[in-house]
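Close look at the chain arrangement
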Amino acid sequence: MSDISSKHPAGQPPTPPTPRPSTDAGGGVADVADGRPDVGLVPGVPAWRTTGTLAALQELVEVSETVPAVVARQAGLSTSELHSLRHLMRGPVGPVDLARLLGVTSAASSGVVDRLVSRGHAERRSHPGDGRRTEVRITASGRAEVLARMTPMFESLAALDATLHDDERVVVERYLRGATAAMRNLMQ
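With that settled, the discussion passes to the packing of helix α1 (residues 52-75) against helix α5 (residues 140-162). The N-to-C vectors of α1 and α5 enclose an angle of 125°; their axes lie 11 Å apart at closest approach. Considered as vectors, α1 and α5 are oriented oblique to each other. In this structure, the crossing between α1 and α5 has a hand that is right-handed. Residue-level contacts link Val71, Gln74 and Ala75 of α1 to Glu145, Arg149 and Met150 of α5. Residues of the contact of α1 with α5, tallied by class, amount to three nonpolar, one polar and two charged.

One broad trend across soluble globular proteins is that nonpolar side chains are buried collectively. If you look at the biggest cluster of nonpolar residues, it comprises 18 residues, and the most contacted ones within it are Leu77, Leu85, Leu88, Leu98, Leu116, Ala122 and Val136. For this core, the elements supplying multiple residues, two or more each, are α1, α2 (79-88), α3 (95-102), α4 (106-118), β2 (134-138) and α5. Other than its neighbours up to four places away in sequence, Leu77 contacts Ala72, Leu82, Leu85, Leu116, Arg119, His121 and Glu145.

It is worth spelling out the packing of α2 against α3 at this point. Interaxial distance between α2 and α3 falls to 10 Å at its minimum, and their mutual angle equals 120°. Here α2 is positioned oblique relative to α3, judged by the angle of their axes. Here the hand of the crossing between α2 and α3 comes out right-handed. Two secondary-structure elements touch here, α2 through Ser80, His83, Ser84 and His87 and α3 through Leu98, Leu101 and Leu102.

A separate point is the confidence of the model for the chain. Averaged over all residues, the pLDDT of the chain equals 82, while 78% of them reach at least 70. Predicted confidence for residues 1-33 stays below pLDDT 50, and this span has 39 contacts to residues more than four positions away or in other chains.

Conventions and cut-offs
Residues numbered from 1 in each chain as written. Predicted model: local features only at pLDDT ≥ 70, side-chain atom pairs only at ≥ 80, totals over all residues. Heavy atoms only, no water. Axes fitted to C-alpha atoms, helices over the stretch in contact; angles between N-to-C directions. Helix = DSSP H or I, 4+ residues; strand = E, 2+ residues; numbered from the N terminus. Parallel < 35°, antiparallel > 145°, perpendicular 65-115°, else oblique. Left-handed = near helix turned anticlockwise from the far one by under 90°. Contact = heavy atoms within 4.5 Å. Nonpolar A, V, L, I, M, F, W, Y, C, P; charged D, E, K, R; others polar. Core = buried A, V, L, I, M, F, W, Y, C linked by side-chain atoms within 4.5 Å. Buried < 20%, exposed > 50% of the residue type's maximum accessible area, 1.4 Å probe, protein only. pLDDT = per-residue confidence, 0-100.

Okay, structure coming up:
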């Protein structure tokens, strides 16, 4: 689903591989014969050129798709439970709102909350402004579980971000926000 770098149309044999650019004396990538980066074709998108930035973006998307399942498995949680804890880290959420955030039915969300409560990672409380309503809150145990699993990644990302100069950060942010907008356009 997230493959943004198909190399040949489905049902057709692959085209012969384009020679990869060689490394120049300074460690940079030398241009291929026609001066363009290695070309990857996306069927129906004739202007597509696979560049280093698009290849890196593809890799990021693929890795980010697998992170929740791996982290949840390490924590002994389902991915829905992990996503619930992530949402609860931002503050209390009503059961109906949690179901909407997870993209599941209220009954499925209730089961997720039941499992988190039984593990001590969440609790149900009366809503402070309306005693007839319930809200779900993360507990210290749930917060500790999420932070124990995610802090190493957050620290690595913060360290990487700190290596950027302000002008570099502006370019990276513009690129990432544009990529996010392109993906969000598919959801509308």
